[in-house]
Each structure stands twice: as C-alpha cells, then as structure tokens.
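# Fold and contact review
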Amino acid sequence: MMMTDEMKSPLSFTRPYLAFSSMMEPYQRADDVGYVVTEFMSFKGRPYYPIGALTSARVTPVHLTARNPDEADEDNLDLIFRMREAEGGYFFEIVLRCSQGTRYGGWIWGYEIEILDEVVEGYHVLSTHDGKNSWRFTYCSQAECYRSQGSLPVEKNVLDRRILGPGS
C-alpha cells in the first residue's frame, strides 16, 4: 500500500447491522440466550436462517415448565422466537431456561401458538394452527426438545446455499 503525505479520514462504524431493540429486557439479551440463538440460526450443522431473519424476529417470554414459576425470576423465563413467515406460517424457535442452564428447546411451526394446560414430561403442551389445521407439540425428554405429535406441512430443510444467487 502506497503512503501519501495526505491523510484520509478514518472510517467510522456508527450503524449497527444487528442490534437488540432497546425494548428488550436484559435477560433476553444475555449471553446464554445468545449462544442458543446461534444454535438455532443453523440446522444440521449448516446455516439455516440468514442474519436478516434475526433482525425481524419477535420474541416472547413464557413459562413452559409445569413447576410453579417464580414470577420475579427472569433468569428462568423461557423464550419463544417467532421467525419470518414461511410456507403460510412461522417457525417458532424455543429457548428453555432454568437454574441448571439454557438450552435449545426445538422448533415448532404454525401461525399462532398457544400454551395448553396439559403437561407432558414436565412441560406444557404447545398448540399451533394455520387457519384450517392445528398441531400439537410435546416436550420429549429423550430428545430434550419439543416435537410435533403429527406430520407437519413443512419441514426445516437446509438448502445448498452455495448455489443460490444474489438476493436469494
């Protein structure tokens, strides 16, 4: 690189590409949650969501375990991320949190999500629909995540992103 006597202004990096909203609570921005977000952003060892999907994601805190929640204990609130709409519904990504740590709780699909009073393996059953059909999701302790109790009209598939062109 050739140096000149004339000094150019240094680059200024003032615009964040991805920043959590100032409306988000500190426990939603915590590093343990960030690690799980990193995990669900990929699927089967490959990138699944583009980074732009995270910028449009919405999140809600919930209590998915059947134990009596301590309402003041924010560190044990589970989180559900609603990702972009896909195939007539949304992928919902689940982050399970408790005193023993934070982990990925699987994905579910549908349009709206409801937490049912029914409990399976210590966690509330989740229900979604797409306007015509509904699905139930229960926690599977063997897999340590939520699973559909029936077939879904969509699956998470990892595309070979190397063959996609600009804007794909």
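As shown above, the structure is provided for reference.
This write-up is about the structure you can find in this document. (Residues numbered from 1 in each chain as written. Predicted model: local features only at pLDDT ≥ 70, side-chain atom pairs only at ≥ 80, totals over all residues. Heavy atoms only, no water.)

Once that is clear, we can look at the overall build of the protein. Looking only at helices and strands, the protein has two helices and ten strands in total. Overall, the protein shows an N-to-C arrangement of helices and strands of α-β-β-α-β-β-β-β-β-β-β-β. For the protein, with 168 residues in total, the buried portion stands at 33%. Put simply, of all contacts in the protein between residues at least 6 apart along the chain, 41% involve residues at least 24 apart. Roughly 11,400 Å² of accessible area belongs to the protein as shown, and the carbon and sulfur atoms make up 50% of that amount. (Helix = DSSP H or I, 4+ residues; strand = E, 2+ residues; numbered from the N terminus. Buried < 20%, exposed > 50% of the residue type's maximum accessible area, 1.4 Å probe, protein only. Contact = heavy atoms within 4.5 Å. Areas by Shrake-Rupley, 256 points an atom, 1.4 Å probe, with all protein chains shown as cover.)

With that settled, the discussion passes to the pairing of strand 4 (residues 78-86). For a regular strand, side-chain orientation follows a simple rule: the groups alternate between the two sheet faces. Note that strand 3 (residues 58-62) and strand 4 share five bridges and pair antiparallel. Directly across from Pro61, in strand 4, lies its bridge partner Leu79. Pairing of strand 4 with strand 5 (residues 89-98), which is carried by six bridges, proceeds in the antiparallel orientation. Its bridge partner being in strand 5, Glu85 is matched across the sheet by Tyr90. Once strand 4 ends, the chain turns through two residues before running back antiparallel as strand 5, passing Glu87 with a positive phi of about 60 degrees. (Pairing = 2+ DSSP bridges.)

In space, the four strands of this open sheet follow the order 7-8-9-10, with antiparallel pairing throughout. Strands at the two margins of the open sheet, each flanked by one partner only, are strand 7 (112-120) and strand 10 (145-148). With direction set aside, neighbouring strand axes in the sheet form an average angle of 30 degrees. With four bridges connecting them, strand 9 (residues 134-140) and strand 10 associate as antiparallel partners. Paired with Thr138 across the strands is Arg147, a residue of strand 10. (Axes fitted to C-alpha atoms, helices over the stretch in contact; angles between N-to-C directions.)

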